[in-house]
Amino acid sequence: MTATADSTPPTGDLRVLGFQPLVPPGVVRAELPLGPARAALVSESREAVTRIMTGEDDRLLVVVGPCSIHDPAAAVDYARRLAAATAPLADDLCVVMRAYFEKPRTTLGWKGLINDPHLNGTHDVELGLRTARRVLLDILDTGLPVGCEFLEPMSPQYIADAVSWGAIGARTPESQVHRQLVSGMSMPVGFKNSSDGDVTAAIDGCRAAESSHVFFGMDEEGRGSIVSTSGNPDCHVILRGGRGGPNYGPEHVRDALALLHKADRPEHLVIDASHANSGKDHVRQAAVTEELAAAIGTGERGIAGLMLESFLVEGRQEPGPLDTLDYGKSVTDACIGWDRTEQLLNTLAAAVRARRAALDTTVDPRRDSARV
Ligand SMILES: O=C[C@H](O)[C@H](O)COP(=O)(O)O
Ligand SMILES: C=C(OP(=O)(O)O)C(=O)O
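Values in this document were obtained by computation on a predicted structure and should not be read as measured data. (Residues numbered from 1 in each chain as written. Chains lettered and ligands numbered in written order. Predicted model: local features only at pLDDT ≥ 70, side-chain atom pairs only at ≥ 80, totals over all residues. Heavy atoms only, no water.)

A look at the overall build of the protein chain
Part 1: Tallying secondary structure elements over the protein chain gives 11 helices and 12 strands in all.
Part 2: A compact globule built from 372 residues should have a C-alpha radius of gyration of about 21 Å, and the protein chain, at 21 Å, falls within 12% of that.
Part 3: Across its three principal directions, the C-alpha atoms of the protein chain cover 80 × 45 × 45 Å.
Part 4: The buried share of the protein chain, reckoned over its 372 residues, is 55%.
Part 5: Long-range pairs, those at least 24 residues apart, make up 69% of the contacts in the protein chain with a sequence separation of at least 6.
Part 6: Entry remark: accessible area of the protein chain is about 16,300 Å², with carbon and sulfur atoms responsible for 53%.
Part 7: Looking at charge distribution, the protein chain has the averaged site of its 37 positive side-chain charges lying 2 Å from that of its 50 negative ones. (Helix = DSSP H or I, 4+ residues; strand = E, 2+ residues; numbered from the N terminus. Rg over C-alpha atoms; globule rule 2.2 N^0.38 Å. Buried < 20%, exposed > 50% of the residue type's maximum accessible area, 1.4 Å probe, protein only. Contact = heavy atoms within 4.5 Å. Areas by Shrake-Rupley, 256 points an atom, 1.4 Å probe, with all protein chains shown as cover. Lys, Arg positive; Asp, Glu negative; His and termini not counted. Charge placed at Lys NZ, Arg CZ, Asp CG, Glu CD.)

Set out below in structure tokens:
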């Protein structure tokens, strides 16, 4: 509680239990430098994602990996397998490993590795920030770019230079704080439709983030700052279903593309095969991925990217201290296991090849008029 110099009763911070100074972002970045080779990978992959989302590159963006990272060793083990399995598919797929360190919760639950790296309520946030950054560097060393959800407005200062693709989750596309944050982000960012299924919230998010903003933030020395941004032109929409059900079907894609057209935005979007598109059922998620592969294979150009939740072992388990957990299994949403993931990645690569063949022989006036 804030003390007052005179007899004024305290009225501020009545429910704040404590403040702990946070290590400045510049210190953590200097301890764990990105370095030129990783920086080149980050820059090239950001450009590749941007080209895919504007339709200049006809590959499919695939953001694939665990729902959340809780065990650095298992995450890097997964990354090595993913890098080896997808290197031969690079002409068809642009693979970004999903490495989520911050979890937005519907009500309560473990908030991710940055917030509580020991998964036991001790909230060693500085360890969490350093561990997350270390994991990002280790994944980049496998040759894979990385995608994260950005949730806390200050955390990107510690890790975002190592991130090639960002997401704003379904609970925050309407949040001014997150739209402002994205306006200063250096990578392409997807806004999810809101948890009630509203796609307009995501399109509005993209439009707001494209603009310049002035807002509260922190500089690299950890000082509270007024941040000015130039705006992020590389924003897109992610369909993840909503409370009314899934929104990955042909009619949903058509409607979302029409909204993008109306908003004068590129008619390309990402579809999350998990969350409300699969009812968080990993078996269903694989079936959704196959349905989407079929749509892509018949020539659907609007689907530019897919998100999959996948880990070494299928399913999920309740979070807890690392030594009590099964290795390589999600502690948040259920994930597709490794073998099935590998099959699905091959299916998606084949779908991209089939789309190229289909588009060579068919004319889609709607798409042709939309493309430059
Ligand atoms: O992706 C993970 C979850 O879907 C998200 O964090 C919400 O989870 P919850 O509904 O279990 O809180
Ligand atoms: C929380 C997530 O998804 P959504 O925002 O779609 O619920 C997620 O991808 O981890």
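A closer look at the site of ligand 2
Part 1: The full set of residues close to ligand 2 is Arg-98, Tyr-100, Lys-103, Pro-104, Glu-149, Gly-169, Ala-170, Arg-171, Lys-192, Arg-240 and His-275.
Part 2: Here Lys-103 contributes a side-chain N or O atom positioned 2.5 Å from an oxygen atom of ligand 2.
Part 3: At 2.7 Å, a side-chain N or O of Lys-192 approaches an oxygen atom of ligand 2.
Part 4: Relative to its free-state accessible area of 290 Å², ligand 2 is covered by the protein chains to the extent of 97%. (Near = heavy atom within 4 Å. Polar contact = N/O pair within 3.5 Å; in protein donor to acceptor, adjacent residues only side chain to side chain.)

Some thoughts on the pattern of salt bridges
Part 1: In this structure the tally under the stated criterion is 22 salt bridges.
Part 2: Where Arg-353 meets Asp-92, a salt bridge forms, and the shortest distance between an N and an O atom there is 2.6 Å. Taken together, the positions of Arg-353 in helix H10 (residues 338-361) and Asp-92 in the loop between helix H3 (72-86) and strand E2 (93-98) put the pair 261 residues apart, joining distant regions of the chain.
Part 3: For Asp-255, the salt bridge is made with Arg-254, and the minimal N-O distance between the two is 3.6 Å.
Part 4: The partly exposed category is assigned to Asp-255, whose relative accessible area is 42%.
Part 5: Each of the salt bridges in this network shares a partner with another, and the network as a whole consists of Asp-58, Asp-92, Arg-353 and Arg-356. (Salt bridge = Lys/Arg side-chain N within 4 Å of Asp/Glu carboxyl O.)

Some words on the confidence of the model for the protein chain
Part 1: Residues of the protein chain with pLDDT of at least 70 account for 96%, and the chain-wide mean is 96.
Part 2: Both scores are available for the predicted complex, with the pTM at 0.95 and the ipTM at 0.97. (pLDDT = per-residue confidence, 0-100.)

Some details on the side chain of Asn-232
Part 1: Tracing the backbone shows Asn-232 in the loop between strand E7 (224-228) and strand E8 (235-239).
Part 2: Under the relative-accessibility criterion, Asn-232 is labelled buried at 2%.
Part 3: In this structure the side chain of Asn-232 is engaged in a polar contact, spanning 3.3 Å, whose partner is the backbone oxygen of Met-185.
Part 4: Asn-232 has contacts with Val-182, Ser-183, Met-185, Met-187, Val-189, Ala-209 and Glu-210, leaving out every residue within four places of it along the chain.

Some details on the site of ligand 1
Part 1: Every residue close to ligand 1 is listed here: Cys-67, Lys-103, Pro-104, Arg-105, Thr-106, Arg-171, His-275, Lys-280 and Asp-333.
Part 2: Within the contact set of ligand 1, an oxygen atom lies 3.0 Å away from a side-chain nitrogen or oxygen of Arg-105.
Part 3: Here His-275 contributes a side-chain N or O atom positioned 2.9 Å from an oxygen atom of ligand 1.
Part 4: Within the complex, the protein chains bury 85% of what would otherwise be the 340 Å² of accessible surface of ligand 1.
Part 5: Looking at side-chain class alone, the shell around ligand 1 contains two nonpolar, two polar and five charged residues. (Nonpolar A, V, L, I, M, F, W, Y, C, P; charged D, E, K, R; others polar.)

Some words on the environment of Gln-20
Part 1: With respect to the helices and strands, Gln-20 occurs in the segment before helix H1 (25-31).
Part 2: Between the C-alpha atom of Gln-20 and that of His-282, which follows or precedes it by 262 residues, the distance is 39 Å.

Notes on the environment of Arg-81
Part 1: Structurally, Arg-81 is set in helix H3.
Part 2: For Arg-81, a relative accessible area of 35% puts it in the partly exposed group.
Part 3: Sequence separation of Arg-81 and Ala-132 is 51 residues, and the distance between their C-alpha atoms is 19 Å.
Part 4: Residues in contact with Arg-81, not counting those within four places in the same chain, are Leu-312 and Trp-338.

Section: the pairing of E8
Part 1: Of all five residues in E8, five are buried, a share of seventy percent or more.
Part 2: Going residue by residue along E8, you find Cys-235, Val-237 and Leu-239 tucked away on one face and His-236 and Ile-238 tucked away on the opposite face as well.
Part 3: As paired elements, strand E5 (residues 189-192) and E8 share four bridges and run parallel to each other. Looking at E8, one finds that Phe-191 is bridged to Val-237.
Part 4: Pairing geometry for E8 and strand E9 (residues 269-272), over two bridges, is parallel. Among the inter-strand pairings, Leu-239 is bridged to a residue of E9, identified as Ile-271.
Part 5: Assessed by its sense of winding, the connection that carries the chain from E8 through helix H8 (residues 250-262) to E9 is right-handed. (Pairing = 2+ DSSP bridges. Right-handed = clockwise from strand over helix to strand, strands pointing away.)

Some points on the state of the cysteines
Here a disulfide denotes one covalent bond, and it connects the sulfur atoms of two cysteines.
Part 1: Counting across every chain of the model gives zero disulfides.
Part 2: Cysteine Cys-235 remains unbridged, with the sulfur of Cys-206 as its closest cysteine sulfur at 5.2 Å.
Part 3: Given a relative accessible area of 9%, Cys-235 falls into the buried group.
Part 4: In this structure Cys-335 is a free cysteine whose sulfur lies 5.8 Å from that of Cys-67, the closest cysteine sulfur available.
Part 5: The class for Cys-335 is buried, based on a relative accessible area of 0%. (Disulfide = S-S within 2.5 Å.)

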